[in-house]
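Listed here are the chains, written in short residue letters.
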Amino acid sequence: MTTTAHRSAPPARAGRREWAALAVLLLPTLLVTIDNTVLGFALPAISTALSPSAAQLLWLVDVYPLVLAGLLVTMGTLGDRVGRRRTLMVGVAGFGAVSLLAAFAADAAHLVAARALLGFFGAMLMPATLALLRTLFRDRAQRRFAVAVWATGFAAGSALGPIVGGLLLEHFWWGSVFLLNVPVMLVMLALGPVLLPESRMANPGRFDPLGVVLSLLAMAPAVLAVKTVAHDGITPFALLCLLVAVVAGALFVRRAERRRAAGEEPLLDVTLFASPVLRLSALANATTMFALTGLLFFSAQYLVLVRGLSPMDSGLVLLPGFVVTMVAGLVAARLGRRYPVRALVPAGLLLAAAGYLLCTLLAGDEAVVVLLAASVLVGAGIGLSETITNDAILSAAPTERAASASAVSETAYEVGAVLGTAVLGSVLSAVYRAGVEVPSSVGPSFAATARETLGGAVGVARRLTGRPAGELLESAQAAFTAGVAVTSLAGFAVLVLVAVTVFRGLARR
């Protein structure tokens, strides 16, 4: 794969083997995205079967990206050192095995634990995947198109997840959605060693275990602090988490600078962030995932538990949005040749913002059509933005730092995924709890369950008879719809703010 050429010679163009390898690299991307999307549509079934609390329900969604975000930098650097293909294969094997454990979890606590392990092995997948893509495609135009194809894997997984997951949920138990991962993993284990080249840093130096600890203490408590504030307000625990994250982050940066000055290899080359393109592209990546996970969190529950659609029909409602995401990603590869990053990325974010604004209108009879249109706008914005930002991040970093730069990109994605669920999900939960009215005839334990989540209220209503059942269901659905409106306004504000920030930051270049 590696060739030596004169500096003035053009980069070698990829051939059939490289494009076949790209198809293999799409599999982990599809896998991770299907896993996230299917979970969103399986939440109503999980709520009914396992009766998780509101906190457990959020943790089912949050713990995976939380662990992933905390370990991506470490796993990206590990791939640079021990080999990106080797790291990818270990992650693939572990992800498949833990998926079996998740499928047969006996209660919510065990499912949360399995999701945490999925995050551990998932952290090995994405940095290695994007770094290998850069190794395979040296030509800039080919690489931009390859990144666009790779990015469509997120949208393709999001599209396949609801359809395949909906079919499974209509005929099998909720755990069957996790079994989707196993055949994909087996294919990956068979083809990966044959088609993917091994690549690593030439002189990686000594590994930095203290840097690993500091990176974990900087990432995980920071996300946990945001999650806690969004759900419980400013508490001593949230402040303690934030303090730990700030101190650990400062020590991590200082240690990285000292090791680099001493000629040693830091866990993460913090000089990568000197590039405003990389910084702002990472911010945009986080925001697109913030928008996507937030939309999936409330739309799946709204369609199934408020509008009464089946999981399969709910997936079909959102399918056009995912298809548009794929198309927009491929179109973005062409637009990137004519228009600058500072124009395309804010445009994508504003498209997504328009979709969130539409979601404030879900109370009418045309709510399903409105949600479909909103998902199309959000999907178009995400597809346009993320293709450009991923290519910009890869181009801004030197080749030997490919996995580290990829880890920065993927960390941004997962932080955004956590915040999308933690912030928007917590806003939705707060509005719901404030608005739902439980009939006085409902017992204390059932009343507490109904006030926790919409899924809990639906489950309680099914156990009741007569007028109290109808009153509880009507109140819970109205409270949830009001929560969606407030949540959508919050998402709209965030997307517009980041779009302006990216435009102003890149306009100065």
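Since the model is a prediction, treat every value here as computed from it, not as a measurement.

To continue, consider the confidence of the model for the protein. Interpretation of the predicted coordinates at a detailed level should be avoided for regions scoring low in pLDDT. The share of residues in the protein with pLDDT of 70 or more is 86%, and the mean pLDDT across the chain is 79. The least confident element of the protein is helix H5 (residues 140-171), whose mean pLDDT is 70; the most confident is helix H11 (residues 341-358), at 92. Note on residues 1-8: pLDDT under 50 across the span, and five contacts to partners over four residues away in sequence or across chains.

An α-helix turns once every 3.6 residues. As a result, residues three or four positions apart point the same way. Between its first and last C-alpha, H11 extends 26 Å over 18 residues, near the 26 Å set by a 1.5 Å rise per residue. For H11, the full list of buried residues reads Leu344, Val345, Pro346, Gly348, Leu349, Ala352, Ala353, Gly355 and Tyr356.

A few words on the nonpolar core. Grouped together as the largest cluster of nonpolar side chains are 122 residues, with contacts concentrated most on Leu88, Leu111, Phe178 and Phe480. Top contributing element to this core by residue count: helix H9 (residues 276-306), with 16 residues. Apart from the residues lying within four places of it in its own chain, the contact partners of Leu88 are Leu25, Pro28, Met124, Leu125, Ala128, Thr129, Leu132, Met188 and Leu196. By size, the runner-up hydrophobic cluster in this structure holds 15 residues, among which are Val270, Leu272, Val408 and Ala412.

On the surface, a nonpolar cluster with roughly 650 Å² of combined accessible area is contributed by Leu210, Val213, Leu217, Leu240, Leu243, Val244, Val247 and Leu251. Looking at the nonpolar patch, the elements that each hand over two or more residues are helix H7 (209-232) and helix H8 (236-261). Ranked by residue count, the leading element in the nonpolar patch is H8, at five residues. On the secondary structure map, Leu251 appears in helix H8. Assessed through its relative accessible area of 42%, Leu251 is described here as partly exposed.

Parameters at a glance
Throughout, residues of each chain are indexed from 1 in the direction in which the sequence is written. The model is predicted, so local features are restricted to residues of pLDDT at least 70 and side-chain atom pairs to those at 80 or more, both for listing and for counting; the totals for chains, interfaces and linings are taken over all residues. In computing side-chain values, all of the structure's heavy atoms are included and hydrogens and water are not. The predictor attaches a confidence to each residue, and that confidence, scored 0 to 100, is pLDDT. Only runs of H or I of at least four residues qualify as helices and only runs of E of at least two qualify as strands under DSSP, and these elements are numbered from the N terminus. Contact definition: two residues touch when any of their heavy atoms are within 4.5 Å. Helix span, as expected, comes to 1.5 Å for every residue beyond the first. The buried label goes to any residue with under 20% of its type's maximum accessible area, the exposed label to any with over 50%, and the partly exposed label to all in between, with areas taken from a 1.4 Å probe on protein chains only. Take the buried residues of types Ala, Val, Leu, Ile, Met, Phe, Trp, Tyr and Cys, join any two whose side-chain atoms come within 4.5 Å, and each joined set is a nonpolar core. Patches were defined on residues exceeding 30% relative accessible area and lacking a salt bridge, with like-charge contacts within 9 Å and nonpolar side-chain contacts (Val, Leu, Ile, Met, Phe, Trp, Tyr) within 5 Å. Note on areas: Shrake-Rupley with a 1.4 Å probe; residue coverage comes only from the protein chains shown. Here, a salt bridge means any side-chain nitrogen of Lys or Arg that lies within 4 Å of a carboxyl oxygen of Asp or Glu.

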